[in-house]
Amino acid sequence: MEAFLDALTLQAGYNAALVAIGAALLGFAAGTAGSFLFLRKRALVSDAVAHATLPGVGIAFLIMVALGGEGRSLIGLLLGSALSAWIGLLLVEWIAHRTRLAEDAAIGAVLSVFFGFGVVLLTVIQTLDRGRQAGLEDFLLGSTAGMLLQDAQIIAIGGALVVAAIWVLRRPMTLVSFDAGYAAAMGVDTRRVDLAMMGLVMAVTVIGLKLVGLILIVALLIIPAVTARFWTNRVERVLWAAGAIGGVSGYVGAALSASAPDLPTGPIIVLIAAALFALSLLLAPARGVLAASLAHRRFQRRVHRRQGLLALVRGEPIHDPLTLRILRAEGLIRADGVATDKGRAHAAKIARDERRWDIARRVHQDTSLTGRYDGLTPIEDVFTADQIADFDARLGPPQPVGF
Amino acid sequence: MPEVLTLAARDGQATGPEADPSSPLALRGLTVSYGEKPALFSVDATFPAGAMSAIIGPNGAGKSTLLKASLGLIPRVSGQVTVFGQPLAAARDRIAYVPQRASVDWDFPTTVIDVVLMGRYRKLGLFGRVSRAERALATEALARVGMDAFAGRQIGQLSGGQQQRVFLARALAQEADLYLLDEPFAGVDAATERAIIDLLKELKAQGKSVIAVHHDLSTVTAYFDHVFLVNVRAMAEGPVDTTFTPSALAETYGGRLAATQLADLALTVG
């Protein structure tokens with residue numbers, strides 16, 4: 001626990017601090033970049049892009065070794081991965097647009113073929129006796145061992161550029177995500193916006209390769225956006241909330257993995273993000289599971305209350321135990337089921353409402369108003385006082401309620 | 001059938017008569033195809049300015065396709081589109097498009113006012129600030145469709161008719177001259193239908209042009225001035241009084257319109 005607190009406050013050593021800051025920045029960039037992907041409903045394209053980085057890593061290594069180096073330049077490896085990811089992305093787009101195959105089939109094909117090719121390349125590279133190939137397989141699941149200042153700088157600069165680009169392009173990206181047809185009619189080049197969206201995702205993937213690895217980076221792109229969606233109904237807030245959730249997951253995950261030996265950083269970060277997702281799924285207001293079930297219970301109680309009062313109006317006996325419980329709890333009926341004075345008053349009010357609604361539906365053919373008759377909404381919420389007075393005038397004198 | 005069948009032209013080479021520059025939307029030899037099967041074949045059309053025009057035809061006749069191809073949303077195999085005498089790209093600012101309601105995900109995280117503000121994005125560009133004036137313009141567009149009280153609502157909470165009104169408000173916010181609507185009355189309540197038609201007539205009174213894909217034959221004469229009948233090919237085009245006739249409809253719909261429906265229409269067309 002103490003080790004965890006040390007790591008959280010960046011007191012656990014230079015390397016751990018570097019990893020925590022790098023992971024937080026990466027999480028923020030991934031969260032924002034992934035938001036539009038999620039809103040465009042193309043989350044899985046990022047999986048294809050991530051897997052398509054692997055052959056690029058291998059080929060870049062081979063080229064650098066052939067040129068006489070050790071093949072260890074991070075910039076070189078990342079450039080290679082970016083290039084092959086871009087080719088993979090264009091292939092997905094080409095298959096989806098130019099052939100009869102749907103995008104999911106294109107994603108499956110590109111993902112597996114590129115990944116398979118990458119694994120073959122890495123296997124061949126292991127048998128070479130030139131260059132320093134140890135550590136290339138870290139690109140699969142990420143590694144924080146020996147993270148350098150340069151690695152953190154790449155994440156910081158790359159991440160900042162990605163977030164800035166998203167902010168600049170937020171309007172066309174929102175338009176295309178919400179209504180691509182309308183965007184195109186407005187003159188937005190939807191294909192280029194889509195490519196920009198994917199290009200930014202690819203950039204995050206590439207800068208995150210070393211830390212989180214290509215298999216798990218997808219989680220960091222998608223989970224924060226999905227989690228943020230639980231908490232807000234505005235695009236821009238989803239964007240920044242997803243960035244914050246990604247950043248917190250990265251920071252806390254890195255600190256946690258630094259606090260105990262042999263805890264893998266990438267997977268821990270993803271698990272923290274998943275925990276935030278699970279919490280949101282349960283607890284978020286309005287969209288959360290708990291809120292939905294509470295809302296349903298409240299609705300159910302209102303229905304029972306209304307039905308019970310209408311039964312009182314008609315002088316019918318009430319048998320439903322929940323209805324009886326609700327009416328008793330509110331003091332609307334006595335223990336033996338007979339209406340109290342308060343119950344009679346409420347029942348009379350509801351009976352009057354029902355008759356007013358009858359009139360309202362006859363007078364106002366406008367369905368957008370009368371369509372709101374659900375038997376529950378008080379008429380005062382739908383019509384103004386003078387309108388209700390008009391209904392009452394048409395109702396004629398008060399009629400006795402059948403008690 | 002059109003008097004002269006224009007030859008299908010490749011890559012926008014003009015073949016038919018010159019487009020009328022005053023027409024808000026003129027099509028020459030428009031052919032669109034999904035695979036090898038043309039959805040529209042060599043369609044010529046000249047929609048009149050300052051009028052309400054209906055695009056009418058049976059299901060699968062290419063009505064929506066015609067609208068989408070006119071807007072460049074789907075590629076043309078051949079043919080030309082001119083908007084107010086200009087090529088499409090030069091006239092984007094003058095067109096507002098109202099797509100089918102079902103074409104978007106209504107659970108998208110956005111509010112009514114934000115959707116209407118999307119109509120301003122072209123003028124705002126990447127960096128333009130959403131000023132108070134822009135917001136006022138969007139609110140006014142909402143007021144014109146009777147939805148100003150709903151500005152802050154999440155769009156998923158709207159009824160079908162209200163969604164259609166929001167789409168219309170977004171188009172209004174564009175301050176365009178030509179309004180292209182894809183089945184604006186599909187699945188909306190009677191009050192919304194009336195609100196929309198009143199608004200469209202108001203636009204017409206302001207000199208704007210309205211072109212709508214329309215499926216309800218019984219309201220054509222009440223709502224529109226001009227009809228364009230299409231069934232893959234252009235079948236007939238002209239003022240409602242002279243063109244929207246039982247014989248033209250019978251030809252457009254083939255056997256798909258029951259004789260009783262035609263008889264009913266004959267009464268409304270008079």
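That block above? That's the structure.
Residues numbered from 1 in each chain as written. Chains lettered and ligands numbered in written order. Predicted model: local features only at pLDDT ≥ 70, side-chain atom pairs only at ≥ 80, totals over all residues. Heavy atoms only, no water.

Chemist: Quick one: what's the story with the overall build of chain B, residue by residue and with numbers?
Modeler: When helices and strands are counted, chain B shows 10 helices and 10 strands. The buried share among the 270 residues of chain B stands at 54%. Within chain B, counting contacts between residues at least 6 apart in sequence, those at least 24 apart form 69% of the total. (Helix = DSSP H or I, 4+ residues; strand = E, 2+ residues; numbered from the N terminus. Buried < 20%, exposed > 50% of the residue type's maximum accessible area, 1.4 Å probe, protein only. Contact = heavy atoms within 4.5 Å.)

Chemist: So, the nonpolar core: which residues are in play, and what are the values?
Modeler: Counting residues in each nonpolar core, the largest one holds 137 residues, and the members touching the most others are A:L26, B:I56, B:Y179 and B:L200. At 13 residues, helix α11 (residues 190–212) of chain A tops the list of elements feeding residues into this core. Sequence-distant contacts of A:L26, that is, excluding residues within four places in its chain, are made with A:I155, A:V204, A:I207, A:G208, A:L211, A:V212, A:I217 and A:L220. (Core = buried A, V, L, I, M, F, W, Y, C linked by side-chain atoms within 4.5 Å.)

Chemist: With reference to specific residues and values, describe the interface of chain B and chain A.
Modeler: Facing 35 residues of chain B, the contacting portion of chain A comprises 29 residues. Contact between chain B and chain A buries roughly 2,700 Å² in total, counting both sides, with carbon and sulfur atoms accounting for 62%. Contact with chain A buries area across many residues of chain B, yet B:F108, B:P109 and B:L126 alone supply 25% of it, more than any other trio. If you look at where chain B meets chain A, you find 5 salt bridges. Notably, a salt bridge pairs A:D179 with B:R170, separated by 2.8 Å at the nearest N-O pair. On inspection of chain B and its partner chain A, the count reaches 12 residue pairs in polar contact (both at pLDDT 80 or more). Looking at the side of chain B that touches chain A, the elements that each hand over two or more residues are α2 (112–118), α3 (121–124), α5 (160–173) and α6 (190–205) of chain B. Broken down by class, the residue content of the side of chain B that touches chain A amounts to 18 nonpolar, 8 polar and 9 charged. (Buried area = accessible area lost by both parts, 1.4 Å probe. Salt bridge = Lys/Arg side-chain N within 4 Å of Asp/Glu carboxyl O. Polar contact = N/O pair within 3.5 Å; in protein donor to acceptor, adjacent residues only side chain to side chain. Nonpolar A, V, L, I, M, F, W, Y, C, P; charged D, E, K, R; others polar.)

Chemist: Could you give me a rundown of the packing of aromatic side chains, with the residues and numbers involved?
Modeler: Using the criterion set out here, one finds 9 aromatic pairs over all chains in the structure. Between A:F178 and B:F108, the ring centres sit 5.2 Å apart and the planes meet at 50°, which makes this aromatic pair tilted. A residue pair is termed interchain when its members come from two chains, as with A:F178 in helix α9 (residues 170–178) and B:F108 in the loop between β6 (95–98) and α2. Comparing A:F178 with B:F108, the two get one shared label, buried. Cluster of aromatic residues (ring-pair linked, three or more members): A:F178, B:W106, B:F108 and B:F167. In this structure, A:R171 packs its charged tip against the face of B:Y121, placed 5.6 Å from the ring centre. Between B:R170 and the ring centre of A:Y182, over which it is positioned, the NZ or CZ distance is 3.4 Å. (Phe/Tyr/Trp six-rings, centres within 6.5 Å; stacked < 30°, edge-to-face > 60°. Lys NZ or Arg CZ within 6 Å of the ring centre and 35° of its normal.)

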